[in-house]
Amino acid sequence: MNTSTSIAHAVSHELGEGVLWDDRLQAVWWTDIGGRKLWRLHPDDGRVLHWEMPERLASFALCDADGWLLLALASRLAFFHPETLELIELHSVEKDLPTRSNDGVCDRQGRFVFGTLHEPKQGAKQAVGGFYRLNHDLTLERLPLPDVAISNSIAFSPSGDRMYFCDSPTRKIFCCDYGDTLGEPRLFVDLNNMTGVPDGSTVDAEGALWNAQWGMGRVVRYLADGTEDRIVALPAGQTTKPAFGGASLDMLFVTSASEDLTAEQLAGDPQAGFLFACDIGITGLRESRFASTPIRDA
C-alpha cells in the first residue's frame, strides 16, 4: 500500500512528542519536551501556535471540559487552559525519585494513564519508574505493572479492554487485559533483532497498533496478534510518536527528535525534529478525553 508523507511543520524540535488530534478544533497538538513548549497546528489554514511551559511537558490529554488540557509535566500533573493561561496543579509525580513524567494517553474510559522515565546523574537508565492512572475523581494510583526505565507505547484497544506498554530499553512491547483491574502482562512484540527501540504508539479503528521506532526512522503497524503488517518510513531517524488525525482520521501525524545528534549527524538527518503527516488510507480512532472537570481546590 502506497504512503504519501509530507512535512506538517518544518521546525526542528529537540524532542517532539505527545502528538494528538483535537477533533473539536480540527488541529494537531504536540510537545517539544526539551524545548519546554506546547504546539498546535491548524492544517486547514496553516496557523501554528505555541505556549511556553513552566517545565518540560512530557505528554498531555484533551479534556471533556472545553478548552482544557491535562498536562504531564516533568514533576507534576496539572490542568492547563491555553486561552486563559490558567494552570491548576494536581499531583507531584515520583518526587522522591530521579525521574520525570514521560509517555501518557487517556484510556477509553476517560482516565489518564502515563509512565515515568529515569534521569540518572550518571550511568545508564534503570528500571525505577512506574505507570500511573489519574482517575475520574482525580485520585492518582500506581498501576501493578513492572518498573520501567523509559515508559512508552501506552495505547488501548478500540474496546478499551487491552493496554499496550513498554520499557523502551528492553526492546519489547507488552500488553495486558485492562479495566478497573489489570491482567498479567504478556509479550506482544520483541524487537531485540533491531537496532532501534520502541517509542510511542497509537491504535487504529481495526485494532492494530502503530509504533514509532526511535533510531529506525519508521512507524510499524502490528495486528492485534502481534504480526508485523506494514512499515511507514519517515525522513527522520528518531521518530517518537504517531497519532491519527484529519477530518476523516485517516492521516498519521508523527513527531520526531533531534536530541543528542551531532552536527555531522544532523547534516545527514536534516529533517530531524520535524512533524510529519502521512496519508495512509487507514482510519484511526477519535482521541479519548479526560472525563473530569478541572477543580481549582484539588
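Relevant structure appears above.
Note that this is a predicted model, so its numbers are computed, not measured. (Residues numbered from 1 in each chain as written. Predicted model: local features only at pLDDT ≥ 70, side-chain atom pairs only at ≥ 80, totals over all residues. Heavy atoms only, no water.)

### Quick look at the overall build of the protein chain
Move 1: Looking only at helices and strands, one finds one helix and 24 strands in the protein chain.
Move 2: A compact globule built from 298 residues should have a C-alpha radius of gyration of about 19 Å, and the protein chain, at 17 Å, falls within 12% of that.
Move 3: Along the first, second and third principal axes, the C-alpha atoms of the protein chain reach 50 × 45 × 40 Å.
Move 4: By the burial criterion, 57% of the 298 residues in the protein chain qualify as buried.
Move 5: Put simply, of all contacts in the protein chain between residues at least 6 apart along the chain, 48% involve residues at least 24 apart.
Move 6: Carbon and sulfur atoms provide 47% of the accessible area of the protein chain, an area that totals close to 12,200 Å².
Move 7: Here the protein chain holds 26 positive side-chain charges and 42 negative ones, and the gap between their average locations is 2 Å. (Helix = DSSP H or I, 4+ residues; strand = E, 2+ residues; numbered from the N terminus. Rg over C-alpha atoms; globule rule 2.2 N^0.38 Å. Buried < 20%, exposed > 50% of the residue type's maximum accessible area, 1.4 Å probe, protein only. Contact = heavy atoms within 4.5 Å. Areas by Shrake-Rupley, 256 points an atom, 1.4 Å probe, with all protein chains shown as cover. Lys, Arg positive; Asp, Glu negative; His and termini not counted. Charge placed at Lys NZ, Arg CZ, Asp CG, Glu CD.)

### Considering the pattern of salt bridges
Move 1: Overall, the coordinates contain 21 salt bridges when judged by the stated rule.
Move 2: Between Asp204 and Arg221 there is a salt bridge whose closest N-O contact spans 2.8 Å. Separated by 17 residues along the polypeptide, Asp204 in the loop between β18 (197–203) and β19 (209–214) and Arg221 in strand β20 (residues 218–222) bring together distant segments of the chain. You'll find Asp204 and Arg221 in the same group, each marked buried. (Salt bridge = Lys/Arg side-chain N within 4 Å of Asp/Glu carboxyl O.)

### Here's the deal with unusual backbone geometry
Move 1: Located in the positive-phi region is Gln26, a residue other than glycine, with phi close to 50°.
Move 2: Within the secondary structure layout, Gln26 lies in the loop between β2 (16–22) and β3 (27–32).
Move 3: A relative accessible area of 28% means that Gln26 is categorised as partly exposed.
Move 4: The phi dihedral of Leu85 is positive, around 65°, even though this residue is not glycine.
Move 5: Turning to its location among the elements, Leu85 is positioned in the loop between β8 (76–81) and β9 (86–92).

### Brief notes about the sheet that holds β3
Move 1: What the four strands build is an open sheet, ordered β2-β3-β4-β5; its pairing is antiparallel. Edge strands, defined here as strands with exactly one partner in the open sheet, are β2 and β5 (47–52). Taken over all neighbouring pairs, the strand axes of this sheet differ in orientation by 20° on average, direction set aside.
Move 2: In this structure, strand β4 (residues 37–42) lies alongside β5, joined through six bridges in antiparallel fashion. Each bridged residue has a counterpart across the sheet, and for Leu38 the counterpart in β5 is Trp51. (Pairing = 2+ DSSP bridges. Axes fitted to C-alpha atoms, helices over the stretch in contact; angles between N-to-C directions.)

### A word on empty space enclosed by the protein
Move 1: Considering all chains together, one arrives at one cavity of 30 Å³ or more under this definition.
Move 2: Computed from the structure, the largest cavity encloses a volume of approximately 220 Å³.
Move 3: Along the wall of the largest cavity there are 22 residues; nearest its centre are Val105, Arg108, Thr202, Val203 and Glu287.
Move 4: Going through the elements one at a time, β2, β10 (99–106), β14 (151–156), β18 and β22 (239–245) are the ones with two or more residues in the lining of the largest cavity.
Move 5: Broken down by element, the lining of the largest cavity gets its largest block of residues, four residues, from β22. (1 Å grid on protein atoms, 1.4 Å probe; cavity = no way out; pocket = protein on both sides within 12 Å on 5 of 7 lines; lining within 4 Å. Points joined across faces, edges and corners; volume = space filled by probe spheres on them.)

### Let's talk about the environment of Asp22
Move 1: Its place among the elements puts Asp22 in strand β2.
Move 2: In sequence terms Asp22 and Asp260 are 238 residues apart; their C-alpha atoms lie 30 Å from each other.
Move 3: Non-local contacts of Asp22, meaning those with residues more than four positions away in its chain, are made with Ala27, Trp29, Leu62 and Arg289.

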